[in-house]
Amino acid sequence: MSALAPEVPWGSVDPVGEALHRLRVTGFFYCHTEATGPWAVDMPAFGECVSFHVVAEGECWVEVDGVPPVRLRAGDLALVPHGRGHVLRSAPGVPSMGRVDELPQDYVSDHYSVLRYDGGGPRTDLVCGVLSVDGPASRLLLELLPPVVHVPADDGAAPWIAGTLGLMADELTRTRPGGEAVTTRLADILVIQAIRAWVDAQSATTGWLGALRDPHVGVAVAAVHRDPARPWTVEALAREATMSRSAFAARFTEVVGVPAMQYVTSWRMHVATDLLAAGEPVARAATATGYDSEAAFSRAYRRETGRAPGAVRRAAVTAT
């Protein structure tokens, strides 16, 4: 078992579940907003991060360029993936007061604030956050998401999300020791639940998600995810899928859109990039992804990504 990702439960046979198990989100800022309308704030772009908004009371609108505005009511949850900037409004057409991070607010800690605004109108109570996502499976899942993921309170996932939201609302309304820590961890859970709800609602039969759902291809893909260093061949993958080599090769390309070994190489480079970004030596990345030598790995990495692995690692180390 590779140490590149959290271990999945022993005996797991659900490739989609494994991908969700490997989903890792880390919140780096949260804001609890207590506002009465009219109000509107700009949420700036945050690289490749995910923004989320949970309405505990009242309602608001989420506006992302290029897609219709989304109305959030009490109990609703919205994700804005891909780090896109967007606007929150108490009602359509309300002019923005400015960037949310530049407005006066009470900073409870370096990662948590309370924003209060009294416009004299209806009240909205919501929690917003910005989270980073780590791991190749996490990023591939996020790439599939639409510009806005809206999970209404009456969605089929409501029992899970409503329960978590209820716990969060309780923390917000009562000041207790550790309330900030509990709220932020519940927020992380809500984001994972929202992504899971979206995945469950999809009917994809092709592409990455379709591959995970395929009863044969999905098993092979999950095996590669678990152990990218294994000396994979089409024959070895076909055995995992309990198919003949030729049938598996054709089926994999049909479902995923690329040949099996091309996918293996691509996944290995995703994993290697994570290791290099964490400051691991190039030799460690090479061994962890199944290459016998650092030179062979470096050639493959440059060919696949257009970058030298040493440069990626140096940039990551310098950034820290």
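The notes below deal with the structure included here. (Residues numbered from 1 in each chain as written. Predicted model: local features only at pLDDT ≥ 70, side-chain atom pairs only at ≥ 80, totals over all residues. Heavy atoms only, no water.)

### Points about the environment of Pro259
Then, in step 1: Its location among the elements puts Pro259 in the loop between helix H8 (245-256) and helix H9 (260-277).
Then, in step 2: We classify Pro259 as partly exposed; its relative accessible area is 42%.
Then, in step 3: Remark: the alpha-carbon pair of Pro259 and Ala249, spanning 10 residues in sequence, is separated by 6.9 Å.
Then, in step 4: Once residues within four sequence positions are removed from consideration, Pro259 is found in contact with Phe252 and Thr253. (Helix = DSSP H or I, 4+ residues; strand = E, 2+ residues; numbered from the N terminus. Buried < 20%, exposed > 50% of the residue type's maximum accessible area, 1.4 Å probe, protein only. Contact = heavy atoms within 4.5 Å.)

### Some details on unusual backbone geometry
Phi is mostly negative for residues that are not glycine, and the peptide bonds are mostly trans.
Then, in step 1: In this structure, the amide linkage connecting Gly37 to the following residue, Pro38, adopts the cis form with an omega of 0 degrees.
Then, in step 2: In this fold, Pro38 is placed in the loop between strand S1 (24-36) and strand S2 (40-43).
Then, in step 3: The phi dihedral of His82 is positive, around 65 degrees, even though this residue is not glycine.
Then, in step 4: Looking at where His82 falls in the secondary structure, it is placed in the loop between strand S6 (77-80) and strand S7 (86-89).
Then, in step 5: One non-glycine residue, Thr242, adopts positive backbone phi at about 50 degrees.
Then, in step 6: Structurally, Thr242 is set in the loop between helix H7 (234-240) and H8.

### Overview of the sheet that holds strand S10 (residues 123-134)
Then, in step 1: Reading across the sheet, the 7 strands line up as S8-S9-S1-S10-S3-S6-S11 and stay open at both edges, with mixed pairing between neighbours. The open sheet terminates on both sides in strands that have one partner only, identified here as strand S8 (106-109) and strand S11 (149-151). Strand-to-strand twist in this sheet, taken as the mean axis angle between neighbours without regard to direction, amounts to 20 degrees.
Then, in step 2: Helix H2 (residues 136-144) contacts S1, strand S3 (50-57) and S10 of the sheet and is inclined by roughly 130 degrees relative to S10.
Then, in step 3: Contacts from helix H4 (residues 179-201) reach S1, S3, S6, S8, strand S9 (112-118), S10 and S11, with the element oriented near 105 degrees to S1. (Pairing = 2+ DSSP bridges. Axes fitted to C-alpha atoms, helices over the stretch in contact; angles between N-to-C directions.)

### Comments concerning the nonpolar core
Then, in step 1: Ranked by internal contacts, the top residues of the largest apolar core, which has 71 residues, are Phe52, Ile195, Phe248 and Phe297.
Then, in step 2: With 9 residues, H9 is the single largest residue contributor to this core.
Then, in step 3: Residues within four places of Phe52 in sequence aside, it is in contact with Tyr30, Leu77, Ala78, Leu79, Val127, Cys128, Gly129, Leu131, Ala187 and Val191.
Then, in step 4: Counting residues in each nonpolar core, the second largest holds 20 residues, with Ala35, Val55, Ala78 and Val100 among its members. (Core = buried A, V, L, I, M, F, W, Y, C linked by side-chain atoms within 4.5 Å.)

### What about the packing of helix H6 (residues 217-226) against H9?
Then, in step 1: In contact at an axis separation of 10 Å, H6 and H9 are set at 35 degrees when each is read in the N-to-C sense. Handedness of the H6/H9 crossing: right-handed. Across from Val221, Val224 and His225 in H6, the residues of H9 making contact are Tyr263, Val264 and Trp267. (Left-handed = near helix turned anticlockwise from the far one by under 90°.)

### Quick word on the pattern of salt bridges
Then, in step 1: As enumerated under the stated definition, the model contains 12 salt bridges in all.
Then, in step 2: Connected through salt bridges with shared partners, the residues Glu34, Asp106 and Arg116 form a single ionic network. (Salt bridge = Lys/Arg side-chain N within 4 Å of Asp/Glu carboxyl O.)

### Observations concerning the pairing of strand S4 (residues 59-63)
Then, in step 1: Judged by how many residues are buried, S4 sits mostly within the fold: 4 of 5 residues are covered.
Then, in step 2: Direction of pairing for S4 relative to strand S5 (residues 70-73): antiparallel, over a ladder of 4 bridges. Directly across from Cys60, in S5, lies its bridge partner Leu72.
Then, in step 3: Taken together, S4 and the strand that follows it, S5, pair antiparallel across an intervening segment of 6 residues, in which Gly66 is found at a positive phi of about 90 degrees.
Then, in step 4: Bridging between S4 and S7 involves 3 bridges; their strand directions are antiparallel. Residue pairing across strands places Trp61 opposite Arg89, the latter belonging to S7.

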